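# Remarks on the overall topology
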Amino acid sequence: MDLFENMQPNKLEIIKDAYLLKSYALTNEKALLSDLEQAVSQAPLRHMMTKMGFAMSAAMTNCGVLGWVSDHQGYRYDMKDPATNKPWPVMPASFQQLATLAAAEAGFNDFQPDACLINQYQVGASMGLHQDKNELDFNQPIVSVSLGIPAVFQFGGLNRMDKTHKIPLMHGDIVVWGGQSRIHFHGIAPLKMNTHPILGAYRYNLTFRKAG
Ligand code: MD3
Ligand code: FE
């Protein structure tokens, strides 16, 4: 029977070239969570400082060849963890495979991320509206995996003042941002009190990028 052949109830186009894949990360949840635990044990989560001298509200670390860092010099990608001066942990196969598969599901074939930023939000933490512009090639999509307690994602336009749309992101949801949507303003509203049965009162976001 071909009844369900063209049905993809879990793939929603949020705006042009941006796709929400509901619960897509759950198929390999166990491997993903144990690989996450291992990555943060090798490169601990820390609150990076902005150029202006403020600690970021989300704790961060990275895996993959390149890691996103922020300090008094500003934002950039670096091959070494400034906390240890060692390379970032290798990107786990479960991470890499999921990012490539999700990108292809959204129509972006052959996505080979070299950077995975791991953000950890506690209740009350947020991320202000910003654009991701530290990567070399904006034609490469960004894949973001939400884990743990829910968050409200804020998605704007090419101008900071543009109206924002609010999208709830739950454990296991993946968003693929390509084309025009890749450089839109976006942020995370302060997290509401909640608990996840495995991850406790935290949200983790894995952001996969081809940075170099
Ligand atoms: C839309 N992180 O690390 S992920 C970031 O949930 C970041 O931790 C948020 O924004 C988080 O830079 C949002 C979703 C996301 C990531 C990159 C995007 C959405 C995006 C780039 C362009 C447009
Ligand atoms: Fe961002």
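See above for the structure.
Now for a look at the structure at hand. (Residues numbered from 1 in each chain as written. Chains lettered and ligands numbered in written order. Predicted model: local features only at pLDDT ≥ 70, side-chain atom pairs only at ≥ 80, totals over all residues. Heavy atoms only, no water.)

### Quick word on the site of ligand 1
Not every one of the 20 residues close to ligand 1 is listed here, only the nearest: Asn119, Tyr121, Arg182, His186 and Arg203. The side chain of histidine 186 places a nitrogen or oxygen atom 2.9 Å from an oxygen atom of ligand 1. Note that an oxygen atom of ligand 1 is positioned 3.0 Å from one of the side-chain N or O atoms of arginine 209. For ligand 1, the protein covers 98% of the area, taking 500 Å² as the surface of the free molecule. Of all the secondary structure elements, the ones that give two or more residues to the shell around ligand 1 are strand E8 (115-122), strand E9 (127-130), strand E10 (142-148), strand E11 (151-155), strand E14 (186-188) and strand E15 (202-209). With 4 residues, E15 is the single largest residue contributor to the shell around ligand 1. Residues of the shell around ligand 1, tallied by class, amount to 8 nonpolar, 8 polar and 4 charged. (Near = heavy atom within 4 Å. Polar contact = N/O pair within 3.5 Å; in protein donor to acceptor, adjacent residues only side chain to side chain. Areas by Shrake-Rupley, 256 points an atom, 1.4 Å probe, with all protein chains shown as cover. Helix = DSSP H or I, 4+ residues; strand = E, 2+ residues; numbered from the N terminus. Nonpolar A, V, L, I, M, F, W, Y, C, P; charged D, E, K, R; others polar.)

### Re the coordination of the iron ion (ligand 2)
At the metal site, the iron ion (ligand 2) is ligated by His130 (NE2), Asp132 (OD) and His186 (NE2), and these contacts range over 2.1 to 2.2 Å. In primary-sequence terms, the residues that donate to the iron ion (ligand 2) follow H-x1-D-x53-H. Here the residue aspartate 132 occupies a position in the loop between E9 and E10, and histidine 186 occupies one in strand E14, the gap between them amounting to 54 residues. You can call aspartate 132 buried: its relative accessible area is 9%. Judged by its relative accessible area of 13%, histidine 186 falls in the buried class. (Donors = N, O, S within 2.8 Å, 3.2 Å for Na, K, Ca; no water. Buried < 20%, exposed > 50% of the residue type's maximum accessible area, 1.4 Å probe, protein only.)

### Description of helix H2 (residues 93-105)
Over its 13 residues, H2 extends 18 Å from the first C-alpha to the last, a length consistent with the 18 Å expected when each residue adds 1.5 Å. When H2 is considered as a whole, its buried residues turn out to be Ser94, Phe95, Leu98, Ala99, Ala102 and Ala103. All buried residues of H2 fall inside an arc of 155° around its axis, so they share one side. Opposite the packed face of H2, turned more than 90 degrees from it, sit the exposed residues Gln97 and Leu101. Looking one or two residues beyond H2, the residue adopting positive phi is glycine 107, at roughly 95°. (Expected span 1.5 Å × (residues − 1). Arc of directions from axis to C-beta.)

So far we have only geometry, and geometry alone does not tell us how the molecule works.
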